[in-house]
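Survey of secondary and tertiary structure
Each chain is listed here by its residues.
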Amino acid sequence: MKFSALALDYDGTIARDGALDPEVRSAIAEVRSRGIAVVIVTGRILEELRQVTGGLGFVDAVVAENGAVLDFPGGNSRLIGHPVQPIFLEELRRRGIEFKAGQCVVETDATWAPQVLSVIRELELPLTLVFNRGRLMMLPQSTGKGVGLREALTMLRLSPHNAIAIGDAENDHDLLAVCEFGVAVGWGSRMLQASADEV
């Protein structure tokens, strides 16, 4: 395999408590200096990621909101998923469910899952639930990290067959599956480790 792209989950994989270790940032720069594209693939809301990293110029692309939003250097962003429907947010507020909303993703504590599912069913919304450790994401159907990464790699004129992905949690299964070689970190999800090519 000719290695030309590295897809990295953010929280729990290359960042701890939201902070990117300076050594990881240096390693990313080293990889890029060798002509390998680096893509952050995260469940985080794009603007939130920009804030915690101090800017995204250190990578070639970002797949945010669990695959629903793409961002490239120079502020070139585009949605893959459908935008959040206001009626959904209004009903979550009405029921007292605490959440954060991005352009396409809505995120809350995983303990709210039964109430959120009830809202989705009652409103008959085309949303899926994705767990990420103690968090829950509500996303447009057919959205995922793998879908977003494929689109980003296409725009970078690269192939998933030349990509390595590294992740840590439940929402990283399709990220690892879409790449030629998938790596799970040793401190992450046991199920992800079981399906990865390497731990």
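Notes on the structure follow. Computed from a prediction, not measured in an experiment: that's the story for all the values here.

1. A few points about helix H2 (residues 46-53)
Restricting attention to buried positions, one finds in H2 the residues Leu46, Glu48, Leu49 and Thr53. Down the axis, H2 shows its buried residues gathered within 160° of arc, on one side only. Lining the buried residues of H2 we find helix H1 (22-33), strand E4 (37-41), strand E5 (61-64), strand E6 (69-72), strand E7 (76-79) and strand E8 (100-101). Backbone geometry just after H2 places Gly54 at a positive phi near 75°.

2. Some remarks on the side chain of Asp9
Residue placement: Asp9 occurs in the loop between strand E1 (5-8) and strand E2 (15-16). Of note is the side chain of Asp9, whose polar atom sits 2.7 Å from the side chain of Thr13. Sequence-distant contacts of Asp9, that is, excluding residues within four places in its chain, are made with Ile14, Val41, Thr42, Lys145, Ile166, Gly167, Asp168, Asp172 and Leu175.

3. Brief notes about the sheet that holds strand E10 (residues 127-132)
Spatial strand order, E8-E9-E11-E10: four strands in an open sheet with antiparallel pairing. The open sheet has two edge strands with one neighbour each: E8 and E10. Relative to strand E11 (residues 135-140), strand E9 (residues 106-109) runs antiparallel, the two being bridged by four bridges. When the bridges of E11 are listed, Thr108 appears paired with Leu136.

4. Considering the pairing of strand E12 (residues 163-167)
Burial within E12 is extensive, with four of its five residues counted as buried. Of the strand pairs in this sheet, E1 and E12 are connected by four bridges, and their pairing is parallel. If you follow Ala7 over to E12, its bridge partner there is Ala165. Bridge analysis of E12 against strand E13 (residues 181-184) gives four bridges, and the strand direction is parallel. Across the sheet, Gly167 pairs through a bridge with Ala184, a residue of E13.

5. Description of the environment of Val106
Here Val106 lies in strand E9. When its relative accessible area of 1% is taken as the criterion, Val106 is described as buried. Measuring from C-alpha to C-alpha, the distance between Val106 and Leu136 comes to 8.3 Å, with 30 residues separating the pair along the chain. Ignoring any residue separated from it by four or fewer positions in sequence, one finds Val106 in contact with Val84, Phe88, Leu89, Leu92, Phe99, Lys100, Ala101, Leu136, Met137 and Met138.

Calculation rules
- Residues numbered from 1 in each chain as written.
- Predicted model: local features only at pLDDT ≥ 70, side-chain atom pairs only at ≥ 80, totals over all residues.
- Heavy atoms only, no water.
- Buried < 20%, exposed > 50% of the residue type's maximum accessible area, 1.4 Å probe, protein only.
- Helix = DSSP H or I, 4+ residues; strand = E, 2+ residues; numbered from the N terminus.
- Arc of directions from axis to C-beta.
- Contact = heavy atoms within 4.5 Å.
- Polar contact = N/O pair within 3.5 Å; in protein donor to acceptor, adjacent residues only side chain to side chain.
- Pairing = 2+ DSSP bridges.

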